Amino acid sequence: MRSRFLLRLLVSKELKVRYRGSVLGLLWSYVKPAVQFIVFYIALGVFLGLEKSPRNPDGLPNYSIYLFSGIVLINFFSEALGNASRSIVGNGNLIKKIYLPRELFPVASVWVSAVHFFPQLVVLLAACFFVGWSPSLVQVAAAGGGFIIVALLATGLGLFFGAANVYFRDSENFVDMLLMIATWASPVLYAWSMVESKLGSAFFSVYQSNPMTIAVELFHLAFWVPTTDPAALDRATAVPPDLLDFWTPVGLVTAIAVLLLGQLTFRRLEGRFAQEL
C-alpha cells in the first residue's frame, strides 16, 4: 500500500517537473508523434512507395493506420526505457537524502510514459473508427497483449540499465543506440514479409522472436487488419502465421524473463547507489 502511494507521488512529480514552464504541456503527447508520423509517411509511404496505390500495387494497403499503430507502441517503449535508464542518476539527490524503494523510480518512468501513450492511443482509435474499425474480441485482446509485452520489457530493461547506469554512465549511450535500432528492428515502417523474402526463413525466426516485433504485429492485428479491405490482405501484407498461437506466448515469456533479470540485477546493485551517486 505504501509503495503504491509513493509510486503515485513519483509519477505526479515526474509529470509536473516535465511540463513545468511548458506552454503546450501534455499536448506534446499529440504533437511529437503527429510530426513523426507525417515525416515517416511522406518519406516512406509517398517517396519510397510503401503505400499501396494504383501506381504501386505491391505496397501496403491502408499504410497510414499500419504506420501509426506501430509508431505509438515504439514511442511508448522508447520513452519508457530511455527515462527509466536515467531515473536513478536523475534522482540521485533524492536517493542520497531519504530511503524509499529505489525500483520505484524506473517503474514510475514507465507509468509516466504510459500516461503519454494513452492520448496517442485515443488518436489512433479515432482514426480507426473513422475508416470503419470493427475488431473482434481476439483482436482487441491482441492490442492488450502487445501493450503488456512492451510494458514488461521496458520495465525489465529499465531496471537493468537504470542500475547499470549508476556504475557505468556509458549505459545511457548504449540505451540511446538500442532505441535507435529498435524502430528499424521491428515492422513499424515496413512489412515483416520483406525481412523473410530478403534474408530467408532462418534469420526471420530470429527476427520474429524479438518481443518488440511480436508486440508491433499484435497492434497491427488489432488496429490495421480490421480497418483494411480483406481482399487487399494477402501473404505479403498480413500478419505472420502462428502470431497468436506461438509467437505471442514467446513474447510474453521473453518479456517476463527480462523483467526478472532486471529485478535481480537491480537488487544486487542497489546497495551502493548512494555511495556511487
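Enquirer: Mind showing me how you'd approach the overall build of the protein chain here?
Expert: When its secondary structure is counted, the protein chain shows 11 helices and 0 strands. Sequence-ordered secondary structure for the protein chain, helices as α and strands as β, is α-α-α-α-α-α-α-α-α-α-α. A principal-axis box enclosing the C-alpha atoms of the protein chain has dimensions of 65 × 45 × 35 Å. Long-range pairs, those at least 24 residues apart, make up 80% of the contacts in the protein chain with a sequence separation of at least 6. Put simply, the protein chain shows about 13,800 Å² of open surface, and 68% of that area lies on carbon and sulfur atoms. Of the charged side chains in the protein chain, 20 are positive and 16 negative; the average position of the first set lies 15 Å away from that of the second.

Enquirer: Just to check I follow, could you spell out the packing of aromatic side chains for this structure?
Expert: How two aromatic rings sit relative to each other is given by the distance of their centres and the angle of their planes. Here the structure, examined in full by the defined rule, presents 20 aromatic pairs. Geometrically, the ring pair formed by Tyr 66 and Trp 224 is edge-to-face, given 4.9 Å between the ring centres and 80 degrees between the ring planes. Taken together, the residues Tyr 66 in helix α3 (residues 63-90) and Trp 224 in helix α9 (residues 211-224) connect sequence positions 158 residues apart. An aromatic cluster of at least three residues, connected via ring pairs, comprises Phe 76, Phe 117, Phe 118, Phe 129, Trp 133, Phe 147, Phe 219 and Phe 223.

Enquirer: Where do I start with the packing of α3 against helix α5 (residues 104-130) in this structure?
Expert: Packed helices, taken two at a time, are described by the angle between their axes plus the distance between the axes. For the pair α3 and α5, the least separation of the axes is 8 Å and the interaxial angle reads 165 degrees. Taken together, the axes of α3 and α5 are roughly antiparallel relative to one another. Between α3 and α5 the crossing geometry is right-handed. When its residues are assigned to classes, the contact of α3 with α5 shows 18 nonpolar, 8 polar and 1 charged.

Enquirer: Teacher, can you tell me more about unusual backbone geometry here?
Expert: Glycine aside, negative phi is the norm for most residues, and most peptide bonds take the trans geometry. We note that Asn 62 has phi near 55 degrees; this positive angle belongs to a residue other than glycine. Inspection of the secondary structure assignment puts Asn 62 in the loop between α2 (28-47) and α3. Its identity is not glycine, yet Asp 242 carries a phi of approximately 65 degrees, on the positive side. Inspection of the secondary structure assignment puts Asp 242 in the loop between α9 and α10 (243-269).

Enquirer: I keep staring at the packing of α3 against helix α7 (residues 170-184) and nothing clicks. Help me out?
Expert: Their axes nearest at 10 Å, the elements α3 and α7 cross at an angle of 175 degrees. As summarised for this structure, α3 and α7 are arranged roughly antiparallel, according to the angle between their axes. Taking contact as the criterion, the partners of Ile 74, Phe 77, Ser 78, Leu 81, Gly 82, Ser 85 and Arg 86 in α3 are, on α7, Glu 172, Val 175, Asp 176, Leu 178, Leu 179, Ala 182 and Thr 183. A per-class count over the contact of α3 with α7 returns 7 nonpolar, 4 polar and 3 charged.

Enquirer: Could you clarify how one ought to interpret the nonpolar core in this entry?
Expert: Nonpolar side chains in soluble globular proteins tend to end up buried together. Counting 60 residues, the largest nonpolar core has Tyr 63, Phe 76, Phe 77, Leu 189 and Phe 223 as the members making the most contacts within it. Counting residues per element, the ones that place at least two in this core are α2, α3, α5, α6 (137-167), α7, α8 (192-208), α9 and α10. For this core, the leading source of residues is α3, giving 13 residues. Ignoring anything within four residues of it in the chain, the contact list for Phe 77 reads Val 150, Leu 153, Ala 154, Leu 157, Leu 179, Ala 182 and Met 212.

Cut-off values and rules
Residues numbered from 1 in each chain as written. Predicted model: local features only at pLDDT ≥ 70, side-chain atom pairs only at ≥ 80, totals over all residues. Heavy atoms only, no water. Helix = DSSP H or I, 4+ residues; strand = E, 2+ residues; numbered from the N terminus. Contact = heavy atoms within 4.5 Å. Areas by Shrake-Rupley, 256 points an atom, 1.4 Å probe, with all protein chains shown as cover. Lys, Arg positive; Asp, Glu negative; His and termini not counted. Charge placed at Lys NZ, Arg CZ, Asp CG, Glu CD. Phe/Tyr/Trp six-rings, centres within 6.5 Å; stacked < 30°, edge-to-face > 60°. Axes fitted to C-alpha atoms, helices over the stretch in contact; angles between N-to-C directions. Parallel < 35°, antiparallel > 145°, perpendicular 65-115°, else oblique. Left-handed = near helix turned anticlockwise from the far one by under 90°. Nonpolar A, V, L, I, M, F, W, Y, C, P; charged D, E, K, R; others polar. Core = buried A, V, L, I, M, F, W, Y, C linked by side-chain atoms within 4.5 Å. Buried < 20%, exposed > 50% of the residue type's maximum accessible area, 1.4 Å probe, protein only.

So yeah, pure geometry; function would need other evidence.
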